[in-house]
Amino acid sequence: MTSSKSFSKRLSMFVLLFTSLLFLISIFIAAVSSHKLIAEEATRSATNMLDAVNNEVQRKLQDIESSVRNLSWVIKDNLDDDQALYHLTERMVRENADISGCAIAFRDGFHEGEHFFSPYSYRDADTEAVLTMQLGNDSYDYFFMDWYLIPSLLKKPYWSEPYFDEGGGQQFMTTYSVPVYDADDSLLAVVTADLNIDWLSETVSQIKPYGNSHMFLIGRNGQFLALENMDALKGNSIYSAALQMGNDELAEIGRCMVHGEKGMKRFMDDGKLSFAVYGPLDNGWSSAITCQYKEVLERTSKMHLILILIAAIGLFILFLLCYFTIRKLTSPLVEFSHAAKNIAQGNFNTRLPNYRYDDEIGKLRSSFEYMQKSLNEYIQELKTTTSEKQRFESELNIARSIQMHMVPHTFPKRDDLDIYAMMQPAREVGGDLYDFFIKDGKLYFAVGDVSGKGVPASMFMAITRSAFRFIAGLGLPMDEVLSKINDSVSDGNDSGMFVTMFTGCLDLATGHVEYCNGGHNRIVVVTPDGSPSFLDETPNLAIGLFEGFPFRKQQLELARGSRLVLYTDGVTEAETAEKSQYGDAALLDWAGKAAGITSARDAAEDLMASVRTFTGGNEQNDDITIMIINF
Amino acid sequence: MNVTINREENRFNVVLQGRLDTTNADQFQKDIQPLMEGDQPEITLDCTDMEYTSSQGLRMFLMLQKSVNARGGRMTMTGMKPQVKEVFDITGFSNIIRII
């Protein structure tokens with residue numbers, strides 16, 4: 001269960017990660033592009049706002065300009081009437097709320113030879129009452145005032161730089177002056193109107209696209225005209241302010257504004273990235289609006305936050321959906337793994353979980369089913385094979401037992417004879433044989449070796465041994481014995497199997513031996529003095545090959561105390577792992593050394609031990625038979 | 001046991017190399033199968049490099065000899081090493097197989 005959980009969790013996490021990444025990338029791209037758009041939009045709207053304010057200010061200034069121009073026409077008709085002139089200035093102030101003062105400053109000596117003549121009306125800042133007076137006197141020599149001097153020299157209307165009116169009620173003023181000329185085109189007077197521009201500060205302080213936005217107006221020299229909290233900066237210029245703040249960018253903005261440029265620039269406002277849009281007015285003034293980007297983007301940031309929140313919730317739902325779907329989809333795998341465990345424990349008929357779709361899991365199920373079926377069949381087969389093998393083995397064991405009992409295991413204890421024989425098949429049953437019996441004072445003996453090994457050889461061995469027991473018992477000469485055995489086993493022997501066989505008959509009284517060798521290994525004779533030699537033999541032919549083969553017998557006289565060593569090629573051809581064979585020489589050598597071992601049994605076991613020592617644990621590859629006859 | 005058979009019509013020149021024992025007797029029987037076919041074969045078995053033969057191997061030579069006899073052919077074994085020849089002598093196979 002844990003593995004399945006981690007799998008669905010892993011997969012879900014993977015999907016989640018991937019989707020989150022996509023979300024983040026798209027949100028990032030959206031944020032960047034929307035920020036750009038919104039910043040552009042903010043710039044545009046700030047510019048529009050700026051234009052609107054500029055237009056309004058412009059209109060107001062134009063109103064004043066036209067009023068002053070009108071007045072300049074009117075005075076020409078009233079040059080003789082002082083009262084009318086005073087009345088004109090008074091009316092001008094009274095009827096124009098924006099005009100705080102109005103003067104008609106005549107040239108030197110115009111009025112009855114007087115040095116100064118300038119009717120002047122102004123609004124008292126406290127009482128709002130309009131007061132009228134003659135402005136010029138020795139302490140106020142208006143001929144040297146900017147508002148008189150500059151327009152008369154330039155010969156065109158002039159807006160003065162804003163100034164702080166110390167005399168007339170602590171107001172921030174600017175004055176519009178228009179020179180008036182008489183018929184001779186010589187200066188008659190300068191008509192002025194004072195504009196209180198405190199209201200400008202009020203106006204601009206209301207222009208706040210964003211909380212920390214500012215609008216301000218500067219004059220031709222960069223002097224602040226209108227600004228929120230104007231009082232603190234009255235008389236300062238944008239340059240001195242920039243210098244104070246160490247803000248070069250602001251100074252650069254000031255320069256652009258003074259040059260009458262229109263545009264947008266970025267700068268740091270109080271340590272926050274901001275932008276300023278600015279544009280000129282007709283009279284050389286310039287206004288600007290600053291906005292902090294942070295505030296501009298605040299709303300979109302909120303929007304993005306909401307977007308991210310929605311995405312997060314969506315992703316969480318996606319995760320749950322993925323997790324449960326995948327878990328549901330992979331749950332058969334868990335059942336399969338249980339089933340596999342069960343099968344591994346030997347419950348081959350464990351029911352597989354149902355799965356009806358033909359997808360990968362469906363295929364896995366069919367593979368499982370196939371495996372289960374194959375396993376079942378294999379196990380069945382194995383059971384059958386095993387039982388057959390067991391049966392075969394038990395039959396082989398019985399066959400071995402039968403074969404072992406076909407050769408004599410009891411050895412006679414006599415003074416004139418000590419005989420012992422042993423047989424060691426390479427497999428359960430073998431093709432070697434030996435036999436002996438005593439009849440009428442004669443020992444009949446035989447050692448044989450069927451070609452090949454195993455069951456076929458053992459059957460041939462049984463036939464041969466029975467034939468020997470029967471035929472030798474008839475008391476025939478040895479050559480006839482072998483001939484008859486040969487005839488009887490050759491008859492119908494299509495398998496090509498044959499047996500080499502040495503048969504002999506020892507007269508226990510005289511030591512006369514009659515023998516016949518049917519293609520068998522030469523036997524060893526050890527004389528009473530202990531010297532061994534191979535018996536001189538006519539090989540004849542192995543038995544079972546040609547029916548009617550004329551076997552020839554031979555004779556030997558044994559002295560009392562002699563020994564005969566009979567064996568099969570399992571002894572001389574016993575091999576080491578390196579395929580080196582025991583051989584005839586070693587056998588002869590052994591026979592000499594073992595002459596001192598008197599007991600036939602001890603000698604036989606000693607020879608077997610000698611062979612075993614030689615092969616050094618290498619697997620016995622042929623049946624071994626040894627027969628020792630001590631006469 | 002390495003068996004190389006060169007055939008020219010009914011003449012077979014067979015080179016035998018190595019040991020012939022119980023472990024490879026079955027393979028040897030398959031290897032000499034081509035020699036078991038055809039009328040009046042003239043077979044020469046070159047035994048110069050044959051190291052050893054077991055009784056199982058003798059049986060194979062016997063079967064081959066019998067087959068050759070039945071088809072009216074001739075078989076000769078040549079260049080046999082003394083220790084191999086001894087086995088053929090002891091068992092009397094020298095009497096029924098032509099060895100030169």
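Residues numbered from 1 in each chain as written. Chains lettered and ligands numbered in written order. Predicted model: local features only at pLDDT ≥ 70, side-chain atom pairs only at ≥ 80, totals over all residues.

Chemist: Residue-level account of the confidence of the model for chain A, with values.
Modeler: In this model, chain A carries a mean pLDDT of 86, and residues with pLDDT of at least 70 account for 98%. The spread of mean pLDDT over the elements of chain A runs between helix α5 (residues 230-233) of chain A, the lowest at 69, and strand β21 (residues 563-567) of chain A, the highest at 94. (pLDDT = per-residue confidence, 0-100. Helix = DSSP H or I, 4+ residues; strand = E, 2+ residues; numbered from the N terminus.)

Chemist: Residues and numbers for the sheet that holds strand β8 (residues 214-218) of chain A, please.
Modeler: Residue and element names in this part refer to chain A. In spatial order, the strands read β9-β8-β12-β11-β10; together these five strands make up an open sheet with antiparallel pairing. If you trace the sheet from one side to the other, it starts and ends with β9 (224-227) and β10 (263-269), each paired once. Across the sheet, the mean angle from the axis of one strand to that of its neighbour is 25 degrees, orientation sign disregarded. In this sheet, strand β12 (residues 286-292) lies alongside strand β11 (residues 272-280) in antiparallel orientation, the contact comprising seven bridges. Across the sheet, the residue bridging to Pro280 is Ser286, located in β12. Along the sheet, helix α7 (residues 248-258) contacts β8, β10, β11 and β12; its crossing angle with β10, the most-contacted strand, is approximately 155 degrees. (Pairing = 2+ DSSP bridges. Axes fitted to C-alpha atoms, helices over the stretch in contact; angles between N-to-C directions. Contact = placed C-beta atoms within 7 Å.)

Chemist: Describe unusual backbone geometry, listing the residues and the values that go with them.
Modeler: Residues and elements named next belong to chain A. One non-glycine residue, Glu128, adopts positive backbone phi at about 65 degrees. Along the polypeptide, Glu128 turns up in the loop between β2 (119-123) and β3 (130-134). Given 7 C-beta atoms within a 10 Å radius, Glu128 is considered exposed. Residues other than glycine seldom take positive phi values, yet Lys155 does so here, at roughly 60 degrees. (Buried ≥ 20, exposed ≤ 12 C-beta atoms within 10 Å, placed from the backbone.)

Chemist: Requested: an account of the interface of chain A and chain B, with residues and values cited.
Modeler: Each partner contributes residues to the interface: chain A has 20 residues there, and chain B has 14 residues. For the side of chain A that touches chain B, a count of residues per class yields seven nonpolar, nine polar and four charged. (Nonpolar A, V, L, I, M, F, W, Y, C, P; charged D, E, K, R; others polar.)

Chemist: Account for helix α3 (residues 146-154) of chain A, with residues named and values stated.
Modeler: All names here are of chain A. Taken residue by residue, α3 has Trp147, Tyr148, Pro151 and Ser152 as its buried positions. Take α3 and look down its axis: the buried residues cluster within an arc of 110 degrees, on one side only. In α3, the exposed positions angled more than 90 degrees off the buried face are occupied by Leu153 and Leu154. Buried residues along α3 sit in contact with β1 (99-106), β4 (158-159), β6 (171-181) and β7 (187-196). (Arc of directions from axis to C-beta.)

Chemist: Hey, could you go over the packing of helix α11 (residues 454-472) of chain A against helix α12 (residues 478-490) of chain A for me, with residue numbers and the actual values?
Modeler: All names here are of chain A. Contact pair α11 / α12: the axes reach a minimum separation of 10 Å and the direction vectors enclose 140 degrees. Comparing their axes, α12 and α11 come out oblique. Classified by chirality, the crossing of α12 by α11 is right-handed. Here Ile463, Thr464, Ala467, Phe468, Ile471 and Ala472 of α11 lie close against α12, whose contacting residues are Val481, Lys484, Ile485, Ser488 and Val489. Counted by class, the contact of α11 with α12 contains eight nonpolar, two polar and one charged residues. (Parallel < 35°, antiparallel > 145°, perpendicular 65-115°, else oblique. Left-handed = near helix turned anticlockwise from the far one by under 90°.)

Chemist: Summarise the pairing of β8 of chain A; cite the residues concerned and give the values.
Modeler: Residue and element names in this part refer to chain A. A large share of β8 lies buried, amounting to five of its five residues. Taking every second residue as pointing to the same face, both faces of β8 are buried, with His214, Phe216 and Ile218 on one and Met215 and Leu217 on the other. Examined bridge by bridge, β8 and β12 share five bridges and lie antiparallel to one another. Across the sheet, residue Met215 finds its bridge partner in β12, namely Ile289. With three bridges connecting them, β8 and β9 associate as antiparallel partners. Across the sheet, residue Phe216 finds its bridge partner in β9, namely Leu227.

Chemist: How would you explain the nonpolar core if you had to name every residue and give the values?
Modeler: Residue and element names in this part refer to chain A. The biggest cluster of nonpolar side chains holds 90 residues, and the ones touching the most others in it are Val565, Ile626 and Met627. In contact with Val565, other than residues within four places in its own chain, are Ile523, Val524, Val526, Ala591 and Ile628. In this structure, Ile64, Cys102, Phe106 and Ala226 belong to the second largest nonpolar core, which totals 63 residues. (Core = buried A, V, L, I, M, F, W, Y, C linked by C-beta atoms within 7 Å.)

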